[in-house]
Amino acid sequence: MRYVSTRGQAEGKDFADVLLAGLADDGGLYMPESWPRFSAAELRALRGLPYAELAARVMAPFVGEAIDFADLQAMCRRAYAGFSHPAVVPLVQLDTGIFALELFHGPTLAFKDLALQLAGHLFEHVLAARGGRVCIAGATSGDTGSAAIEAMAGRSRVDIVILHPEGRTSEVQRRQMTTVTAPNVMNIALKGNFDDCQDMVKAMFADVPLRTAISLSAVNSINFARIAAQIPYYFAAALALGAPEREVAVAVPTGNFGNVLAAWAAKQMGVPIGKFIVASNRNDILSRFLASNDMSLRPVEESLSPSMDIGVSSNFERLLHEFLGRDAQATARTMADFRATGKMSVAEDVWRAIRRDFTGFRLSDEATLAEVARTWREAQYLADPHTAIGLAAARACAPVGLPVIVAATAHPAKFPDAIEKAVGFRPALPPHLSGLYERQERYVTAPNDFEQVKGLVRNFANRNI
Ligand SMILES: Cc1ncc(COP(=O)(O)O)c(C=O)c1O
Ligand SMILES: N[C@@H](CCOP(=O)(O)O)C(=O)O
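Residues numbered from 1 in each chain as written. Chains lettered and ligands numbered in written order. Predicted model: local features only at pLDDT ≥ 70, side-chain atom pairs only at ≥ 80, totals over all residues. Heavy atoms only, no water.

**Digging into the pattern of salt bridges**
In the structure shown here, the tally under the stated rule is 30 salt bridges. Where Glu11 meets Lys13, a salt bridge forms, and the shortest distance between an N and an O atom there is 3.3 Å. Here Glu11 falls in the exposed class, since its relative accessible area comes to 53%. A relative accessible area of 13% means that Lys13 is categorised as buried. As a salt-bridge pair, Glu302 and Arg168 come within 3.8 Å of each other at their nearest N and O atoms. Here Glu302, found in the loop between β11 (295–296) and α14 (316–323), pairs with Arg168, found in the loop between β6 (158–165) and α7 (171–178); they are 134 residues apart in sequence, far enough to count as distant. Residues joined in a network through salt bridges with shared partners are Glu171, Arg174, Arg175 and Glu441. (Salt bridge = Lys/Arg side-chain N within 4 Å of Asp/Glu carboxyl O. Buried < 20%, exposed > 50% of the residue type's maximum accessible area, 1.4 Å probe, protein only. Helix = DSSP H or I, 4+ residues; strand = E, 2+ residues; numbered from the N terminus.)

**Remarks on the UniProt feature "domain: Threonine synthase N-terminal" (unreviewed entry) in the chain**
The UniProt record annotates "domain: Threonine synthase N-terminal" (unreviewed entry) at residues 2–80. Taken end to end, residues 2–80 is 47% helix and 8% strand, and its two terminal C-alpha atoms sit 27 Å from one another. (UniProt positions renumbered as here; feature names shortened; annotations may be inferred.)

**Description of the pairing of β6**
The side chains of a regular strand alternate, first on one face of the sheet and then on the other. By the criterion of burial, β6 is predominantly enclosed, with eight of the eight residues buried. Residues of β6 alternate between two faces, with Val158, Ile160, Ile162 and His164 on one and Asp159, Val161, Leu163 and Pro165 on the opposite face, all of them buried. Taken together, strand β5 (residues 134–139), helix α6 (residues 143–152) and β6 form a β-α-β motif whose crossover is right-handed. Bridging between β6 and strand β7 (residues 185–190) involves six bridges; their strand directions are parallel. Opposite Leu163, over in β7, you have Ile188 as the bridge partner. (Right-handed = clockwise from strand over helix to strand, strands pointing away. Pairing = 2+ DSSP bridges.)

**What to know about the UniProt feature "domain: Tryptophan synthase beta chain-like PALP" (unreviewed entry) in the chain**
This chain's UniProt record puts "domain: Tryptophan synthase beta chain-like PALP" (unreviewed entry) on residues 95–323. A helix fraction of 44% and a strand fraction of 20% characterise residues 95–323, whose end C-alpha atoms lie 34 Å from each other.

**What about the environment of Lys275?**
Checked against the element boundaries, Lys275 lands in strand β10 (residues 273–280). In this structure the C-alpha to C-alpha distance between Lys275 and Val89, which are 186 residues apart in sequence, comes to 21 Å. Excluding its chain neighbours within four sequence positions, the residues that come into contact with Lys275 are Val248, Ala249, Val250, Arg355, Arg356, Asp357, Phe358, Thr359 and Pro399. A distance of 3.3 Å separates a polar atom in the side chain of Lys275 from the backbone oxygen of Arg355. Within the structure, the side chain of Lys275 is placed 3.0 Å from the backbone oxygen of Arg356, a separation counted as a polar contact. (Contact = heavy atoms within 4.5 Å. Polar contact = N/O pair within 3.5 Å; in protein donor to acceptor, adjacent residues only side chain to side chain.)

**Focus: the site of ligand 2**
Around ligand 2, the structure places 13 residues, and the nearest of them are Thr140, Thr144, Ser221, Arg226 and Asn256. Here an oxygen atom of ligand 2 sits 2.8 Å away from a polar atom, N or O, in the side chain of Asn220. When ligand 2 is considered free in solution it has 340 Å² of accessible area, and contact with the protein chains removes 96% of it. Under a 2 Å grid-point criterion requiring more than half of the atoms, the pocket assigned to ligand 2 is the largest cavity. (Near = heavy atom within 4 Å. Areas by Shrake-Rupley, 256 points an atom, 1.4 Å probe, with all protein chains shown as cover. 1 Å grid on protein atoms, 1.4 Å probe; cavity = no way out; pocket = protein on both sides within 12 Å on 5 of 7 lines; lining within 4 Å. Sits in = over half its atoms within 2 Å of the grid points.)

This is the structure in structure tokens:
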């Protein structure tokens, strides 16, 4: 499989090169040249497979000849062996037609583990074959950081720098990152919000001398390998509910748009998904766009679902590129205008086409707590605040007759303060994290200033040279 940039000016690459490159040289995002397609018979043949086997088969067309299938299979087995549920991504019915797809049984208790546990093995495999090492830079609003650090800590060919917005993650999320003491890990608490962290990472990629000198790579969902590894769980859930014979809908709590884009990719590959419900907190740029064709930037506000406190949803560029008929020039122009003006609207026919697939939904903090309390009361199920937004979206927007798969993106124990407000008790952390509050933290703080952050990253990456 070859990959092309959404902005059309970067050279095409294979999967291994895309994995290592992260972002395309022209600032665009890599996309597969075409979507692999599974026939109904091929979908049926995936039913009942252990998750690791299903994941390997769904990802195989994206990986192509870059990695042998047997190696991919072995890496999927190793990646998912450590998950605490035998089904890896169990599906739990919570109401008539509403199913939680639990994506939080990995080591850091969030859906990011599904892709990043595998990414750790993929980086190691590709770098061992080619030689050399990379420095990964990542931005987090809480969950990507710990999942990436967990996957990369102690690996010999990788350094990892994670930027989080100071004071804007939950304490559990911060400690999951900052208590890891492996020498190849650096945490930076940035004085800013998630968008500032993400901009900092993109600025590092735009700085060609820096990018080249430290062999910069990415673990955010700007890296297509992340998206590819998030697609299989939508196959698994839809098959469990009767696909390909039965159509389903999905409701996805959304920030950077990677997870819902993975669901949309599953549809392009043949999974019958009739509707994509995009669920936001008060940072509602996506639901505003879907309601009124107005994507205008507003300051990022803090909420009880901090991982979704995101202003610019990077992966929307990928969707835009698709709905613009893969016209890279038009995509590049639209993104440049958005960057310059903070506003985006698309041609009416394009917007209507997007709305045929996607519905937006927004929930306040108060209503999020009410949804956590309701689900606990009615189904004895403790949903974290992000998942609760997805559940409320499913209740409000479910298309008639379609079961809705709600992406349960994090474990409630990551957000004890919000859960206590909703139901009056604090959920316990699983045993492997029970000492988290006693462990020593290690991180540096930095102003929202590119030159200072760049200095920190360069010194860290060059420390052994
Ligand atoms: C718990 C949780 N829910 C939802 C999201 C939003 O996912 P995405 O950024 O893929 O839209 C995130 C962050 O990515 C998250 O950590
Ligand atoms: N919500 C994420 C932010 C980045 O999303 P990603 O999927 O692009 O890595 C987080 O919790 O860190």
